[in-house]
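Analysis of the macromolecular model
Listed here are the chains, written in short residue letters.
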Amino acid sequence: MHTERRNRVRVEYAAQAKICSAAKGTLQGTIRDIGLESVYVYTDPFLDFGEKVEIEIILFGNASKLCITAEGSVTRIDQDGIALRFTNPLEWWPVFTVFPLNQDGGASSAGVNSFRKINRRKTAEPFFRGDFKI
């Protein structure tokens, strides 16, 4: 049985991401969930465990976009993507808790729309997961 080892809250969020590796170039993906210290990205898992990367998270509004850039390292690799741990806590994390995913506006890339169709949350599911520890 799998035991949850994380003790921080993470939010389900579908946003575009670009991951830049000095050794392997840039890859794109879609965020599954994000927390203060880490993010999971659906992408081709060709990076190495422990590899240092820069991630750019792109949030689309109706008439604008917000790009958040942070450094981190690969902490998990599986068949669907990778988990990254931020080098420093993500200062912009509250954006993901305050502003819900723009359902009607500019987040209409194929990756985000595909994610929404496959992983649309049921209304009974909680928005947050994890323990509220500071």
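Structural notes, computed from the coordinates.

Rules and cut-offs
- Residues numbered from 1 in each chain as written.
- Predicted model: local features only at pLDDT ≥ 70, side-chain atom pairs only at ≥ 80, totals over all residues.
- Heavy atoms only, no water.
- Helix = DSSP H or I, 4+ residues; strand = E, 2+ residues; numbered from the N terminus.
- Contact = heavy atoms within 4.5 Å.
- Polar contact = N/O pair within 3.5 Å; in protein donor to acceptor, adjacent residues only side chain to side chain.
- Core = buried A, V, L, I, M, F, W, Y, C linked by side-chain atoms within 4.5 Å.
- Buried < 20%, exposed > 50% of the residue type's maximum accessible area, 1.4 Å probe, protein only.
- Pairing = 2+ DSSP bridges.
- Phe/Tyr/Trp six-rings, centres within 6.5 Å; stacked < 30°, edge-to-face > 60°.
- Lys NZ or Arg CZ within 6 Å of the ring centre and 35° of its normal.

Some details on the environment of Lys18
You can see Lys18 is positioned in strand β2 (residues 16–21). C-alpha separation for the pair Lys18 and Ile31, spaced 13 residues apart in sequence, amounts to 9.9 Å. Discounting chain neighbours no more than four positions away, the residues touching Lys18 are Thr26, Leu27, Gln28, Glu54, Ile55, Glu56 and Ile58.

Points about the side chain of Thr43
Summarising the element assignment, Thr43 is placed in the loop between β4 (38–42) and β5 (52–60). At 2.9 Å, the side chain of Thr43 and the backbone oxygen of Gln28 are in polar contact. Setting aside its immediate chain neighbours within four residues, Thr43 contacts Ile19, Leu27, Gln28, Gly29, Asp80, Gly81 and Ile82.

Quick word on the nonpolar core
Grouped together as the largest cluster of nonpolar side chains are 26 residues, with contacts concentrated most on Ile19, Ile34, Ile55, Ile57 and Phe96. Of all elements in the fold, only β2, β3 (25–35), β4, β5, β6 (65–77), β7 (81–86) and α1 (94–98) reach the threshold of two or more residues within this core. The element contributing the most residues to this core is β5, with 4 residues.

So, the pairing of β4
Pairing of β3 with β4 involves 4 bridges; the strand directions are antiparallel. Following the sheet pairing, Thr30 is matched in β4 by Tyr42. Connecting β3 to the next strand, β4, in antiparallel fashion are 2 residues.

Thoughts on the packing of aromatic side chains
If you walk through the whole model with that rule in mind, you get 2 aromatic pairs. When the centroid spacing of 5.0 Å and the interplanar angle of 90 degrees are considered together, the rings of Tyr13 and Phe96 count as edge-to-face. Taken together, the residues span a long stretch of sequence, with Tyr13 in the loop between β1 (10–12) and β2 and Phe96 in helix α1 at a distance of 83 residues. Both residues of the pair, Tyr13 and Phe96, count as buried. Ring geometry for Tyr40 and Tyr42: centres 5.6 Å apart, planes at 80 degrees, overall edge-to-face. On the accessibility criterion, Tyr40 (2% relative accessible area) is buried. Among the residues examined, Tyr42 registers a relative accessible area of 26% and is labelled partly exposed. If you follow Arg32 out to its NZ or CZ, it ends over the ring of Tyr40, 3.8 Å from the centre.

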